[in-house]
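# Structural overview
Listed below are the residues making up each chain.
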Amino acid sequence: MPRIPVALILTTLLTVTGCSSLRFPGVYRIDIPQGNFVTEEMLGELQPGMSPEQVRFVLGAPTLVDPFTPDKWFYLMTYRPGKGDNVSQQIVLHFENGSYSRHEGEVIDDFRKKTSSQQDRELQRKLEERKREDVSPEPAPATQQQAPDPETQPQEPSDPGQPAA
């Protein structure tokens, strides 16, 4: 008799934890980027008066265009790393009379730092150190320079018109 309630409790517990957001140690979880990431440089290229086609060329296709307000384009981005906190960005572009007028929203500062894991940042740091070591040549050990032996060195002719002996 006591086996049935224990089995029922274990089955319920496994079902609930399988559907939850608990993270089990040692389980690999992939990074999930969704949407369009917009950089400060991309927004800097936008000029008031640009056509929708020009804006689409600079930023790419918007994530969402509301059919009831087609003069607003939404560039939404969510990044769910396997380890770490979620990162999201919302940029809204406004159009007036068929041309770009302004944008709202904040660009994610230092996106790479927020989305890369500690292990990735450590590998990047080691790579940069290795590049610095390769760029700066080590000084050659000081050796005494010996005067060249005149017998082993080829002699140049003193007169350019005469061949060497």
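Preceding block: the structure.
The structure presented is a predicted model; accordingly, all values stated were derived computationally and were not measured.

## Observations regarding the overall build of the protein chain
Across its full length, the protein chain holds five helices and five strands. Its helices and strands in sequence order give the protein chain the pattern α-β-α-α-β-β-β-β-α-α, from N to C terminus. By the burial criterion, 18% of the 165 residues in the protein chain qualify as buried. In the protein chain, the share of contacts with a sequence separation of at least 24, taken over all contacts with a separation of at least 6, comes to 44%. Accessible surface, the protein chain as shown: approximately 13900 Å² in total, 55% of it carbon and sulfur.

## Details of the environment of Leu64
With respect to the helices and strands, the residue Leu64 is situated in strand β2 (residues 64-65). Along the sequence, Leu64 and Phe74 sit ten residues apart, while their C-alpha atoms lie 5.1 Å from each other. Once residues lying within four places of it in the same chain are set aside, the contact partners of Leu64 are Lys72, Trp73 and Phe74.

## Observations regarding helix α3 (residues 52-59)
Here α3 has its buried residues at Val55, Val58 and Leu59. One face of α3 carries all of its buried residues, which in axial projection span an arc of 80°. Exposed side of α3, more than 90 degrees from the buried face: Glu53 and Phe57 are the residues found there. Check the buried side of α3 and you find it contacts α2 (40-44), β3 (72-80), β4 (87-96) and β5 (99-104). Looking one or two residues past α3, Gly60 carries a phi angle of roughly 90°, positive in sign.

## Focus: the pairing of β3
Where burial is concerned, the two faces of β3 differ: the one with Trp73, Tyr75, Met77 and Tyr79 is buried and the one with Lys72, Phe74, Leu76, Thr78 and Arg80 is not. Across four bridges, strand β1 (residues 32-35) lies against β3 in antiparallel orientation. Its bridge partner being in β3, Ile32 is matched across the sheet by Arg80. Pairing analysis gives two bridges linking β2 to β3, with the strands arranged antiparallel. Residue Val65 lies in a different strand from β3, and its bridge partner there is Trp73. Remark: six residues form the turn of the hairpin made by β2 and β3, two consecutive strands paired antiparallel. Of the pairings in the sheet, the one linking β3 to β4 comprises eight bridges and is antiparallel in character. Each bridged residue has a counterpart across the sheet, and for Tyr75 the counterpart in β4 is Ile91.

Each value, and the rule that gives it
Residues numbered from 1 in each chain as written. Predicted model: local features only at pLDDT ≥ 70, side-chain atom pairs only at ≥ 80, totals over all residues. Heavy atoms only, no water. Helix = DSSP H or I, 4+ residues; strand = E, 2+ residues; numbered from the N terminus. Buried < 20%, exposed > 50% of the residue type's maximum accessible area, 1.4 Å probe, protein only. Contact = heavy atoms within 4.5 Å. Areas by Shrake-Rupley, 256 points an atom, 1.4 Å probe, with all protein chains shown as cover. Arc of directions from axis to C-beta. Pairing = 2+ DSSP bridges.

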